[in-house]
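Letter by letter, the chains look like this.
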Amino acid sequence: MTDSQSNYDVIVVGAGHNGLICASYLARAGRKVLVVEVNSAPGGAAATREFSKGFSVSACAHWLYQLNPKVLKNLALESHGLEFVARDLDTIALAKDGNHIVLSSDSIEGESLTDSDKLAYQRFNQQMLKFSKLLASAFERRAPKLLDRNFTDLATLAKLGFGMKMLGREDMRDFIRLVLINIYDVMEENFDNELLKAAISIDGVLGSHMGPRSPNTVFGYLYRRLGDVYGYKGPAVIKGGMGALGEAIAASAQSSGVELRTDAAVAKINLDVNKVTGVTLVGGEVIDADLVVSNADPKTTFEKLIGFRNIETGVARRVSNIRSRGNAAKLHLALKRLPDFTGLSDAQKGQRLIIAPTMNYIELAFNAAKYGEYSEQPALDISIASLHDDSLVPAGSQVLSAIVQYAPHDLKQGWEVAKEPFKNLVIDCIAQYAPGIKELIVSSELLTPQDLASEFHMTGGHWHHGELSVDQVMMMRPFPGASQYGTSVEGLYLCGAGAHPGGGVMGLAGRNAATEIIKRGDAA
Amino acid sequence: MHGVQRMDVTKKYDAIVIGAGHNGLTNAAYLAKAGLEVLVLEKNSYIGGATVSRELHKDWKYSNCSYVCSLLRPEITRDLELPRHGLQVVPYGGSVTFCQNGDYFGDYPDHERQYREIARHSLRDANAYERYSADVMKQTRLIRPFLMRTPPDPTSLRPRDIKEMLVLGKAFAEMGEEGLADTLRFWTMSIGEYLDEYFETDVLKAHLAGSGIIGTALGVYSPGTAYVLLHHYMGDVDGTVGAWGFARGGMGAVADVLAASFQSFGGEIKNDAEVGKILVKNGKARGVALANGDEYYADTVVSNLDPKRTFLKIMDEKDLPEDIVRKARNFKIRGSSGKLNIALDGLPTFTGIPKNSPLLHTDMHILDSMERMEKAYDDWKAETWSKDPYVDMLIPTQIDPTMAPPGKHMMTVFVQYAPPRIDGAEWTDADRDRFGKNVIDQIAKYSPDFKDLILHCEVRTPREIEDEVGLTEGNIFMGELTFDQLLFNRPFPGYAQYRGPVKGMYMCGSGTHPGGGVMAAPGANAAREILLDLKLRNTVPAGYADD
Amino acid sequence: MRPHDETMLLQTPFHARIAKACELNQWDEWKGYTTPHAYTEVEQEYFAIRNSSGVFDLTPMMKYRITGPDAEAFLNRLLTRDIRKVKVGRVAYAVWCDDGGQVMDDGTVFHLGRNDYRLCAYSRMMDWMQWSAMGFDVTIVDETAAVAALAIQGPTSCAILKAMGFEGIESLKPFGIRTFAFDGVILMVSRTGFTGDLGYELWIEPDKAESLWDKLFAAGKNFGIKPIGGAALELARIEAGFLQAGTDFVPAEETVRMGRSRSPFELGLGWLVSFDKPIFNGRRALLEEKKNGSRYRFVYLDVEGNKPAEHSFILKGNKVVGTVTSAAWCPTAKSNIAFAQVEARYGKPGEKLIAEVYYQRELQWSRVLAKCTVIESTVFNPPRRRQTPAADY
């Protein structure tokens, strides 16, 4: 074992976007920061993957729709190589007969829609944006403790309380009611069109172990709509795939003085009784630091890197009770050329395409996941990024990426046997809307939640490092007793999606964690 | 004589209560006790609503809706002198779940046998059960003091609301920071996930999870169902929190004594008097019109009906603000349960359990795994009854000698799930019969001689429950018990203090705080608010403090 | 019904003998077992402990066997004391806490061999121990029913064991363990007990329980041996100053009201907390408590007069500052002892407090405001308890 010569103030474990963002803010505050990353490229789940010769694709998340604008600005990401090739895309809910519905940020279009649905959508949309705004005000700060309060937490609570009051009495009451119920009922309350209801409700369940009828899914929907608060009028596409975002954040971090070591797997976080002393890399190298910030999910952090035996039983129990059952698979298709979709113009094919004809379709797809089976008729969120960025593919070719739900991480029959049939099933599903697509496939791959888990080191393959349900947010995230980034271990902080406010490429967990560490100063 | 009759019809009462359910009767009793002249109007020829015992088979009494008693507030029982009027609640303990493999899980009423029985499946779970019980008791203790209080309006700045919010806040604060987080988790989690945090044994989880879904259109893995479990734990029999009992003579005995108490204060009950409309004039309630056209007048009109029925059926949309109509439409009151009431020629035997087992005196459940429980709910979502239904059976005649001839038995069978509509259409008699047969077949799988003992069977689907009792969609709690419809959200945000949108009009049913079950707290709480508005002496007792 | 559910309470392997000897037929329940409250007369049984020897069936006590490569590390994280210092063949008293530093239970740890321990406890602990075992390579087995145990306590106990043929037993030190061949099996003897007197605990497989009972009583015939019930033991343990879980504190996970649990410091067991070892459950909270002070203090009170101060309020002037958890008139020490929980700022050794004692004579209740003094140590602590080699009487 060799001791590293450099003396770091902080070691960040994992160069996911939150880890890098946290590192950047800390470096800007004068800390000497080292980021260690097990993979060869920074970015974590913001990754681009060449899955077939010449064909690259965003390996996990494929849309950018809620990166916090303060982060974008503070880190000057656009001057570090981040380039939007498409912004404010529409969401198109596909119908087999071509009678699609187009959802823009504030209106909906489609032949099957009635005027009353269109009107209702505007009302609904405005109300949801108000609610998302309220959430946003709580998300840029650490989650307040409710009893052991101090000024910071009181200010957050006051802000939340004031925000609630500003909603007006009726909206405030609606907020209290809606935030815990299911998106299914809210859709039924507001709309008639089945396809529309499905298209909206899918945003309440993407990435989760929930169906539209599961209570808490309105919260999931509001969470997704945070992007609108941040000025995204729909999803955006990044040049070079999401990996380019990782690169840009890494470049920004490095320009602030952050040292980044890739291909460096942390074997364990070192402790002196209950105080962090640094990390040991696989291979035995020991790097010292008084602060370690983990971008890894809480289970990985405490179970693997710290070790349950090195924390108290109650904390270990809290950690092992975190629910993080990933259900989203990724399908990647390398295509000879742009496929035909019934009723879609070429320009429309570059928008966000949804396959989910009814809410019951999604719910039925979810039923399977409850019992450890994959959906026979999955719901899909499709992106053909190559329409906006031809650098991803050989000339004239296209690449299609789809988020597929539901594909449970712990599949009863085992993914070794199920992967191929499931992939074919998903392709068949797309082919119902894009006849002829099968003939265009040059190569294909399906990443199951198990693949995502091992590729991106996320327990359960869960995007959010832990279910985004109401019992696991705010002061319950990642678990009671660790909700303000600091943990029971002195000098250990969490900055990943498992921490408040949660996942998605938003960057707030990393930013808030840095703010907390800087605020605590020497006490951190 | 003619003149007398006319006078009767036009007579003005101080208050009219619509519906002689247990809450209506409780409410009426407290109003009458305060000196008001009160009329209770009941559409059926019998009283009690869903708190009823009926002789549908000669010499058998069926508690054909609610069937056991725990939640009935002891403050009310004592204050209205219900024991003097004849109420006896006999506690019973324990429960059992029959397993598909011929085994069973016996939740014995005595602690040590229960411990050993859980330990037979998992020693760890047997130990964890203590922690589970303590944790659920913490939540129970938090909610119990609020059963006999009016929920505050969190959007209001009136001194009373602020004071009540502080009481609520103080109770929550006493949980401590992590305890508070645990409370928020408990209120928002599914019963399945909550139990997953304690136990590894599937049958134990399935056994306990039943309380999280009874009467609820949610599955064991739907968030919010952990609270529903609490609703079954927060009652008590003689101070034993969480205990359940039989009302001697069936649940109708509860309604009978409430009526007797009400009548002892001079109250009047009219049966076969279905209310068609609440009469409103100049924004004030002034009485009711029956379906047959008769009118009765009072400046205070209290509805014991569920919120949907109250605002969408017996009130005129033009008399109501727009928001309440919308809220009533969105109110979740989905039917999810059915009921079989069966006269038996003798005591049935159950596979694996000896005839003398104490477990036969208890709640007997069918469904031994969480997956089967959840799949039963999938059927409900698909608008059909559960093919493999969850069943909670009791044979109260083993304890209560008044309900069937000696040696004969009455079995009450609660069934989850049964949807309010079948494939989008109304239930038909044929549907009902097939539903009933499916349940009987289910029970017969665990009781070989059961079918041969059946003398008579009444099958009730949500349709029958709605038609006879008047519960919209057949929802037994008059509205689902999810957080969006609890406390200050029950029945609707802004209307949780028993007052309707029209002056002089009130709600007192289980659709109001603290919700369903034979608790009588909504009726009593509503009476307190009415008397406050009328500036009369409060006759409603305060809740007992838990120590 | 199957064996596990045909009776409400189980019987220990000694039951046939106990039932025969239990002339009073007075029984208690102890962790699912029928256990004798008293055999003949509580006072006689108590004096057997102090004057000759009393035998108590402690089979129902929860017994967990902890083995595996990480057994020591596991226990060291579980318990507050440094278990590494307890050598093989030794027994140690210990408490364990939840994360909040609140006592979950107390018990004794038997170090039987390298990474082989037995933990004896009042509460059922399997759930907590399994959660605690995450990350450790240990096996935990509940061996409560697999090990029958008798305590023989009193000044003649060593002589009785010698008479049974256990050679060299007199040289066994307090908290020591030794094994002997007995009736074809191994009998484990530990010099431990709950009476504060010279005494031993005998551990054997259930099949040999009756044989052990018979031979023990045969050997003790001339040494005043007597079976004792729970009531006599209760008196002896109060006199000796031992805490009883469930009586003097509520195991932390069983409390449903905030603030009803207690830390080791608040129970006077701070000496069992070692901060010079790797992390253990409750460490953070106990460090905090050490820094910021405790809420309560556990005190022994010497109460004026002879009325036991059971369930009394403890006053300072007119102010209630605490309550009594256990109290008894101690027949050997001739002293009126109470254990009390008082607010931390009261109860320093020597401090005078008042116990509000209620007692009844022929249906007339009387109230006494008894002066009491906080005493530093227990009133019964005879040299024979520690003396090695042990004396014969």
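About the cut-offs
Along each chain, the written sequence defines residue order, and numbers are assigned to residues from 1. Written order determines the labels here, with chains lettered from A and ligands numbered from 1. pLDDT decides what is reported in this predicted model: residues at 70 or higher carry local features, side-chain atom pairs at 80 or more are listed and counted, and totals for whole chains, interfaces and linings draw on all residues regardless. Side-chain numbers come from the whole structure's heavy atoms, not from hydrogens or water. Helix and strand assignments follow DSSP, with helices taken as H or I runs no shorter than four residues and strands as E runs no shorter than two, numbered in order from the N terminus. Between the two quantities, the radius of gyration covers C-alpha atoms and the globule rule is 2.2 Å times the number of residues to the power 0.38. Buried, partly exposed and exposed residues are distinguished by accessible area as a fraction of the type maximum, computed with a 1.4 Å probe on protein chains only: under 20%, between the cut-offs, and over 50%, respectively. Throughout, a residue-residue contact means that at least one pair of heavy atoms, one from each residue, lies within 4.5 Å. Only the protein chains shown count as cover for residues, with accessible areas throughout obtained via the Shrake-Rupley method and a probe of 1.4 Å. Positive: Lys, Arg. Negative: Asp, Glu. His and the chain ends are not part of the count. For charged residues, the charge sits on one atom: NZ in Lys, CZ in Arg, CG in Asp, CD in Glu. Note on definitions: buried area is the accessible-area loss of two parts on being combined, 1.4 Å probe, summed for both. Any Lys or Arg side-chain nitrogen found within 4 Å of a carboxyl oxygen on Asp or Glu counts as a salt bridge. Residues adjacent in sequence count toward polar contacts only when both atoms are side-chain atoms; beyond that, a polar contact is any pair of N or O atoms within 3.5 Å, and within protein one must be able to donate a hydrogen and the other to accept it. Amino acids are sorted into nonpolar (Ala, Val, Leu, Ile, Met, Phe, Trp, Tyr, Cys and Pro), charged (Asp, Glu, Lys and Arg) and polar (every other residue, Gly among them). Two strands qualify as a pair provided DSSP detects at least 2 bridges between them. Where helices are involved, their axes are fitted lines through C-alpha atoms of the stretch in contact, as for all axes, and angles between N-to-C directions lie from 0 to 180°. Ring pairs are drawn from Phe, Tyr and Trp, using the six-membered ring of Trp, whenever the two centres fall within 6.5 Å, and their geometry is named by plane angle: stacked under 30 degrees, edge-to-face over 60, tilted for the rest. Our definition puts a charge over a ring when NZ of Lys or CZ of Arg is within 6 Å of the ring centre and also within 35 degrees of the ring normal. Orientation categories follow fixed angle ranges, with anything under 35 degrees roughly parallel, anything over 145 roughly antiparallel, 65 to 115 roughly perpendicular, and all other angles oblique.

Let's talk about the overall build of chain B
On a plain count of helices and strands, chain B comes out with 18 helices and 20 strands. Radius of gyration (C-alpha) of chain B: 23 Å, near the 24 Å computed for a compact globule of 547 residues. Counting only C-alpha atoms, chain B reaches 70 × 60 × 45 Å along its principal axes. Counting over 547 residues, chain B shows a buried share of 66%.

Focus: the overall build of chain C
Within chain C one finds 8 helices and 19 strands. Compactness check: chain C gives a C-alpha radius of gyration of 21 Å against a globular reference of 21 Å for 393 residues, within 12% of the reference. Across its three principal directions, the C-alpha atoms of chain C cover 65 × 55 × 50 Å. The buried share of chain C, reckoned over its 393 residues, is 56%. Long-range pairs, those at least 24 residues apart, make up 68% of the contacts in chain C between residues at least 6 apart in sequence. Carbon and sulfur atoms form 51% of the exposed surface of chain C, whose accessible area is close to 16,200 Å². Computed over 48 positive and 48 negative side-chain charges, the inter-centroid distance for chain C is 6 Å.

Some details on the interface of chain B and chain C
Facing the 29 residues of chain B at the interface are 27 residues of chain C. Summed over both sides, the interface of chain B with chain C buries roughly 2,400 Å², with 52% coming from carbon and sulfur. Our count for the chain B to chain C interface comes out at 4 salt bridges. Here chain B is connected to chain C by 8 residue pairs in polar contact (both at pLDDT 80 or more). When contributions to the side of chain B that touches chain C are tallied by element, the ones reaching two or more residues are helix 4 (111-121) and helix 5 (123-143) of chain B. Among the elements that take part in the side of chain B that touches chain C, helix 5 of chain B stands out by supplying 9 residues, more than any other. For the side of chain B that touches chain C, a count of residues per class yields 10 nonpolar, 5 polar and 14 charged.

So, the sheet that holds strand 10 (residues 177-182) of chain C
All names here are of chain C. An order of 10-11-12-9-3-13 is seen for the 6 strands of this open sheet, with the pairing classed as mixed. What marks the edges here is a single partner per strand, and that holds for strand 10 and strand 13 (225-227). Averaged over all pairs of adjacent strands, the angle between their axes in this sheet comes to 25°, without regard to strand direction. Bridge analysis of strand 3 (residues 53-57) against strand 9 (residues 148-153) gives 4 bridges, and the strand direction is antiparallel. Along strand 9, the bridge assignment pairs Asp57 with Leu150. Its contacts with the sheet put helix 6 (residues 209-220) on strand 3, strand 9, strand 10, strand 11 (185-190), strand 12 (199-204) and strand 13, and the angle it makes with strand 13 is roughly 140°.

Looking at the sheet that holds strand 6 (residues 95-98) of chain B
By definition, the strands of a sheet pair up through backbone hydrogen bonds, in either a parallel or an antiparallel sense. Residues and elements named next belong to chain B. With mixed pairing, 7 strands are arranged side by side in an open sheet as 7-6-16-17-18-15-19. Among the strands making up the open sheet, the edge pair consists of strand 7 (104-107) and strand 19 (454-460). Geometrically, the sheet is characterised by an average inter-axis angle of 20° between neighbouring strands, direction not taken into account. With 5 bridges joining them, strand 17 (residues 390-394) and strand 18 (residues 409-416) adopt antiparallel strand pairing. Looking at strand 18, one finds that Leu394 is bridged to Thr412.

Some thoughts on the interface of chain A and chain B
Contacts between chain A and chain B engage 36 residues on the former and 41 residues on the latter. For the chain A face of the interface with chain B, the top three residues by lost area are A:Leu147, A:Arg173 and A:Tyr371, together amounting to 17%. At the surface where chain A touches chain B, the tally comes to 13 salt bridges. Two residues, B:Lys381 and A:Glu363, come together in a salt bridge whose shortest N-O distance is 2.4 Å. The tally of links between chain A and chain B comes to 22 residue pairs in polar contact (both at pLDDT 80 or more). Counting residues per element, the ones that place at least two in the side of chain A that touches chain B are helix 5 (169-178), helix 6 (183-190), helix 12 (313-320) and helix 13 (359-370) of chain A. The element that contributes the greatest number of residues to the side of chain A that touches chain B is helix 5 of chain A, accounting for 7 residues. In the side of chain A that touches chain B, the residues fall into 12 nonpolar, 5 polar and 19 charged.

Quick notes on the pattern of salt bridges
Applying the stated criterion to the full structure yields 110 salt bridges over all chains. Among the ionic pairs, B:Arg84 bridges to B:Glu81, the shortest N-O distance being 3.2 Å. Accessibility expressed as a relative area gives 55% for B:Arg84, which makes it exposed. Judged by its relative accessible area of 38%, B:Glu81 falls in the partly exposed class. Ionic contacts of the salt-bridge type, sharing partners, join the residues A:Arg169, A:Glu170, A:Arg173, B:Asp153, B:Asp323 and B:Lys327 into one network.

A few points about the packing of aromatic side chains
With the rule as written, the count across this model stands at 47 aromatic pairs over all chains. When the ring of B:Trp385 is compared with that of B:Phe435, the centres are 6.2 Å apart and the planes differ by 75°; the resulting orientation is edge-to-face. Residue B:Trp385 is located in the loop between helix 14 (370-381) and strand 17, and its partner B:Phe435 is located in helix 15 (residues 429-444); the two are separated by 50 residues in the primary sequence. In this structure B:Phe435 comes out as buried when scored by relative accessible area, which is 1%. Ring geometry for C:Phe74 versus C:Phe136: centroids 5.9 Å apart, planes at 80°, classification edge-to-face. Here C:Phe74 is found in helix 3 (residues 71-78), whereas its partner C:Phe136 is found in the loop between helix 4 (126-132) and strand 8 (139-142), with 62 residues between them in sequence. Residue classification places C:Phe74 among the buried positions, given a relative accessible area of 0%. Assessed through its relative accessible area of 10%, C:Phe136 is described here as buried. Its end group placed over the ring of A:Phe84, A:Arg87 keeps NZ or CZ at 4.2 Å from the ring centre.

A word on the side chain of B:Thr150
Residue and element names in this part refer to chain B. Of note, Thr150 is situated in the loop between helix 5 and helix 6 (159-173). Here the side chain of Thr150 touches Arg528 through a polar contact of 3.0 Å, side chain to side chain. A polar side-chain atom of Thr150 sits 2.6 Å from a polar atom in the side chain of Glu529. If near-sequence neighbours (up to four positions away) are discounted, Thr150 is found in contact with Arg160, Glu164, Gln497, Tyr498, Asn525, Arg528 and Glu529.

Some points on the packing of helix 7 (residues 194-205) of chain A against helix 8 (residues 217-224) of chain A
Residue and element names in this part refer to chain A. Across the interface, helix 7 lies against helix 8 with an axial gap of 6 Å and an inter-helix angle of 90°. With respect to helix 8, the axis of helix 7 lies roughly perpendicular. In contact with Ile200, Asp203, Gly204 and Val205 of helix 7, helix 8 contributes Thr217, Gly220, Tyr221 and Arg224. Its residues placed into classes, the contact of helix 7 with helix 8 shows 3 nonpolar, 3 polar and 2 charged.

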